[in-house]
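Spelled out from the first residue to the last, the chains are:
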2 protein chains.
Amino acid sequence: MIKIGLYGYGNIARGVECAVKQNSDMVVTCVFTRRDPSTVTTISGAAVYKADSILSHKDEIDVLIMCGGSATDLPEQTPAMAKHFNVVDSFDTHKNIPMHFENVDKAAREGGNVGVISVGWDPGMFSLNRLYGSCILTDGADYTFWGKGVSQGHSDAIRRVEGVLDARQYTIPVEEALDAVRSGSQPQLTTRQKHTRECFVVAKEGADLARIEKDIVTMKNYFDEYDTTVHFISQEELDRDHKGIPHGGFVIRTGKTGANLEHNHVIEYSLKLDSNPEFTSCVITAYARAAYRMAQEGMSGCKTVFDIPPAYLSSKSGEELRKEML
Amino acid sequence: MIKIGLYGYGNIARGVECAVKQNSDMVVTCVFTRRDPSTVTTISGAAVYKADSILSHKDEIDVLIMCGGSATDLPEQTPAMAKHFNVVDSFDTHKNIPMHFENVDKAAREGGNVGVISVGWDPGMFSLNRLYGSCILTDGADYTFWGKGVSQGHSDAIRRVEGVLDARQYTIPVEEALDAVRSGSQPQLTTRQKHTRECFVVAKEGADLARIEKDIVTMKNYFDEYDTTVHFISQEELDRDHKGIPHGGFVIRTGKTGANLEHNHVIEYSLKLDSNPEFTSCVITAYARAAYRMAQEGMSGCKTVFDIPPAYLSSKSGEELRKEML
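Treat the numbers as computed from the prediction; the structure is a model and nothing was measured. (Residues numbered from 1 in each chain as written. Chains lettered and ligands numbered in written order. Predicted model: local features only at pLDDT ≥ 70, side-chain atom pairs only at ≥ 80, totals over all residues. Heavy atoms only, no water.)

Draft legend 1. Up close: the side chain of Asp166(A). Residue and element names in this part refer to chain A. The residue Asp166 is located in strand β9 (residues 164-173) in this model. Engagement of the side chain of Asp166 in a polar contact is seen with the side chain of Arg159, the distance being 2.9 Å. Among the polar contacts listed, one links the side chain of Asp166 to the side chain of Gln235, at a separation of 2.9 Å. Once residues within four sequence positions are removed from consideration, Asp166 is found in contact with Arg159, Phe200, Val201, Val202, Gln235 and Leu238. (Helix = DSSP H or I, 4+ residues; strand = E, 2+ residues; numbered from the N terminus. Polar contact = N/O pair within 3.5 Å; in protein donor to acceptor, adjacent residues only side chain to side chain. Contact = heavy atoms within 4.5 Å.)

Dropping the structure here:
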């Protein structure tokens, strides 16, 4: 059994507990939290310890899954823990991945551990599909669309607008843009042409709805480059109809082949997810197995999904995989 | 420059020549044929030699791409050549892959070479998507659909029917089956429910069309388990409207997550290919680069797409890939 520790206990950690239940070669042994452990009840029944006691639990952990946020938690915690444990994280601030890689690589090499970073669906499975697609159809273009799904960051941004009590924002890919991409015409698409944004907003009683709407649709970096729709609804409606955290999207690579580039090809990878964090947790769990196996083979250092042979994700042997899946 | 040799000169070899032109770190140096070399003109202008002279051209080849057929050529040729060269093939007889793997592994280890087998889209990219999907959504099911596309094997089978001059057979996935799979209901589907077969047949003058149709739709292993449609057309129509070799298909994995398995997820990978052999050749070309890099690192033995880190397919460095694609 591969012993999994969880560092932090939020949506991702709970998702990993559920995913590990579906993998018979793994068990969640312990959870580490900055909160008072007595206030935390785990789904799996795993023991809960104070985060700062982790080094006294080394023999309970084969792979430590880092479940904090990308903004401030993971940049500190993943390198710190990679010195002592094999780790997997879902660091998703794309522009800081190179720096994060260097930090984790240094720490993991020092500790003789494996650190797998930026695991999930984007970065993660979408990245893999961008890579495979571009290596196969070298004369082509790739496109990533997100949605339909809830953007937590955009929902949070709306909640900071004066007069807003609560909000939920959906990112929606534009169907015409998807069709144009699938045609193989390799269109140049602006931000506005690729996605629209739909906002469900609960306003304070008596708030100026027109001003709230204007504040939202003109918000720099979040909404100003998009066609944005704002719907004012009640808290009851928001809780009833917009409770889930669905997401998904598309990675499409199109390219040309042939002596005269006369043939078009379309590779499309898509996800339709009822629960964004639970799916992310499933990907992390599979890569935790890979981290364990790489460490068993004596590897160390930082790895991403690009560096890991697909077979390492599976509990099946090479023989079984070739027989059943190739 | 990675020096590519081609063993055999048919559709796949010509596709590789076109693909290599699109990859600036590779060149096709030579082609080996059982025919008289003076009768073969290559697209790339590469030298053409007699197949049995290949060992005197060892220094012209970093990776030898095996371009023969899976029925009789590759089972013999890939192991024989893996003793002397890094090789890549597209062996696609699924049930014989384990045996082929063993043969190529033994030969490649003897020679200290890398042998990559069963590269293409199925086996190949579809296999990868079956593997990734099953490792992520462990409580789920996967489905592979082929088409719409030309099946060469089925077209050949029709041509062997008495009274048939020429034929082209399309495999077509059933839209309702695709929709049922995408719903996440994990339906049990029969062969008949998944695909239909559409045949365009040129009959000899005066042939008994009703008998030909009956011979086709009742043909064991090829058509008897499918709903098959037969259209009789002229040779001119066949040549005009059915000249291409398009293909494609879908790998769909659906699965459930959550404490009570309350969330559904759908992973879908699809290909829409104007030219089946050219796309296969593009995949082979990317894996030829991987074979070269693995050999450079001192690896040897047989590998499949399951064993190869995705980054090895790319000419870009790890730093570039993390920065641009993760």
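Okay, back to it.
Draft legend 2. Summary view of the pairing of strand β4 (residues 63-66) of chain A. Residues and elements named next belong to chain A. Neither face of β4 is left uncovered, since the one carrying Val63 and Ile65 and the one carrying Leu64 and Met66 both have all their residues buried. Where strand β1 (residues 2-7) meets β4, four bridges bridge the pair, whose relative direction is parallel. Note that in β4 the partner of Tyr7 across the bridge is Met66. Pairing analysis gives three bridges linking β4 to strand β5 (residues 86-88), with the strands arranged parallel. Bridging from a neighbouring strand, Val63 pairs with Asn86 of β5. In this fold, β4 hands off to helix α2 (residues 73-82), which returns the chain to β5; that crossover is right-handed. (Buried < 20%, exposed > 50% of the residue type's maximum accessible area, 1.4 Å probe, protein only. Pairing = 2+ DSSP bridges. Right-handed = clockwise from strand over helix to strand, strands pointing away.)

Draft legend 3. Molecular detail of the sheet that holds strand β13 (residues 263-273) of chain B. Read across the sheet, six strands follow the order β7(A)-β12(A)-β13(A)-β13(B)-β12(B)-β7(B) without closing on themselves; strand pairing throughout is antiparallel. The outermost strands of the open sheet, each flanked by one partner alone, are β7 (140-146) of chain A together with β7 (140-146) of chain B. The mean angle between the axes of side-by-side strands here comes to 10 degrees, regardless of whether they run parallel or antiparallel. Looking at chain direction, strand β12 (residues 247-257) of chain B and β13(B) are connected through 11 bridges and run antiparallel. (Axes fitted to C-alpha atoms, helices over the stretch in contact; angles between N-to-C directions.)

Draft legend 4. Broad picture of the interface of chain B and chain A. Taken together, the contact pairs 65 residues of chain B with 66 residues of chain A. Together chain B and chain A conceal approximately 5600 Å² of surface at their shared face, both sides included; 64% is due to carbon and sulfur atoms. Along the contact surface separating chain B from chain A lie zero salt bridges. Along the contact surface separating chain B from chain A lie 24 residue pairs in polar contact (both at pLDDT 80 or more). Of all elements in the fold, only α1 (11-21), α3 (97-111), α4 (125-136), β12, β13, α10 (276-296) and α11 (318-324) of chain B reach the threshold of two or more residues within the side of chain B that touches chain A. Looking at which element gives the most residues to the side of chain B that touches chain A, the answer is β13(B), with 11 residues. Class assignment of the residues belonging to the side of chain B that touches chain A gives a composition of 34 nonpolar, 17 polar and 14 charged. (Buried area = accessible area lost by both parts, 1.4 Å probe. Salt bridge = Lys/Arg side-chain N within 4 Å of Asp/Glu carboxyl O. Nonpolar A, V, L, I, M, F, W, Y, C, P; charged D, E, K, R; others polar.)

Draft legend 5. Representation of the relation of the copies chain B and chain A in the model. Least-squares fitting of chain B to chain A yields an RMSD of 0.0 Å, with the transformation described by 0.0 Å of translation along the axis and a rotation of 180 degrees. Here the two chains are linked by the operation of a two-fold rotation axis. (Least-squares fit on C-alpha atoms with pLDDT ≥ 70 in both.)

Draft legend 6. Fine view of the packing of aromatic side chains. Tallying each qualifying case throughout the model produces eight aromatic pairs over all chains. Look at Phe32(A) and Tyr49(A): their rings are 5.6 Å apart centre to centre, the planes differ by 40 degrees, and that puts the pair in the tilted class. Here Tyr49(A) lies in strand β3 (residues 47-50) and Phe32(A) lies in strand β2 (residues 26-33), a separation of 17 residues in the sequence. Taking relative accessible area as the criterion, Tyr49(A) reaches 22% and is therefore assigned partly exposed. Arranged with centres 5.8 Å apart and planes meeting at 85 degrees, the rings of Tyr170(B) and Phe200(B) form a pair that is edge-to-face. You can see Tyr170(B) sitting in strand β9 (residues 164-173) and its partner Phe200(B) sitting in strand β10 (residues 195-203), a full 30 residues away along the chain. Exposure remark for Tyr170(B): the relative accessible area of 7% places this residue in the buried category. (Phe/Tyr/Trp six-rings, centres within 6.5 Å; stacked < 30°, edge-to-face > 60°.)

Draft legend 7. Layout of the nonpolar core. Judged by nonpolar contacts, the single largest core of 153 residues is most densely connected at Ile4(A), Leu64(A), Tyr287(A), Ile4(B), Leu64(B) and Tyr287(B). A per-element tally of this core places α10(B) first, with 11 residues. Dropping the residues within four chain positions of it, Tyr287(A) is found in contact with Val88(A), Val116(A), Val119(A), Leu128(A), Val305(A), Ile308(A), Leu313(A) and Tyr132(B). Core analysis: the second largest hydrophobic core is formed by 14 residues, Ala157(B), Ile158(B), Ile212(B) and Val230(B) among them. (Core = buried A, V, L, I, M, F, W, Y, C linked by side-chain atoms within 4.5 Å.)

Draft legend 8. Region of the structure containing the packing of helix α4 (residues 125-136) of chain A against α4(B). Relative orientation of the contacting elements α4(A) and α4(B) amounts to 175 degrees, with a least axis distance of 13 Å. The pairing of α4(A) with α4(B) is recorded here as roughly antiparallel in orientation. Across the interface between the two elements, Met125(A), Leu128(A), Tyr132(A) and Ile136(A) of α4(A) pack against Met125(B), Leu128(B), Tyr132(B) and Ile136(B) of α4(B). For the contact of α4(A) with α4(B), the residue count by class is eight nonpolar, no polar and no charged. (Parallel < 35°, antiparallel > 145°, perpendicular 65-115°, else oblique.)

Draft legend 9. Fine view of the pattern of salt bridges. Under the definition given, this model contains 32 salt bridges over all chains. Here Asp179(A) and Arg182(A) are joined by a salt bridge, their closest N and O atoms 3.4 Å apart. Of this pair, Asp179(A) and Arg182(A) are both found in helix α6 (residues 175-182), three residues apart, which corresponds to roughly one turn of the helix. Residue Arg182(A) is classed as partly exposed on the basis of its relative accessible area, which comes to 25%. Among the ionic pairs, Asp166(B) bridges to Arg159(B), the shortest N-O distance being 2.9 Å.

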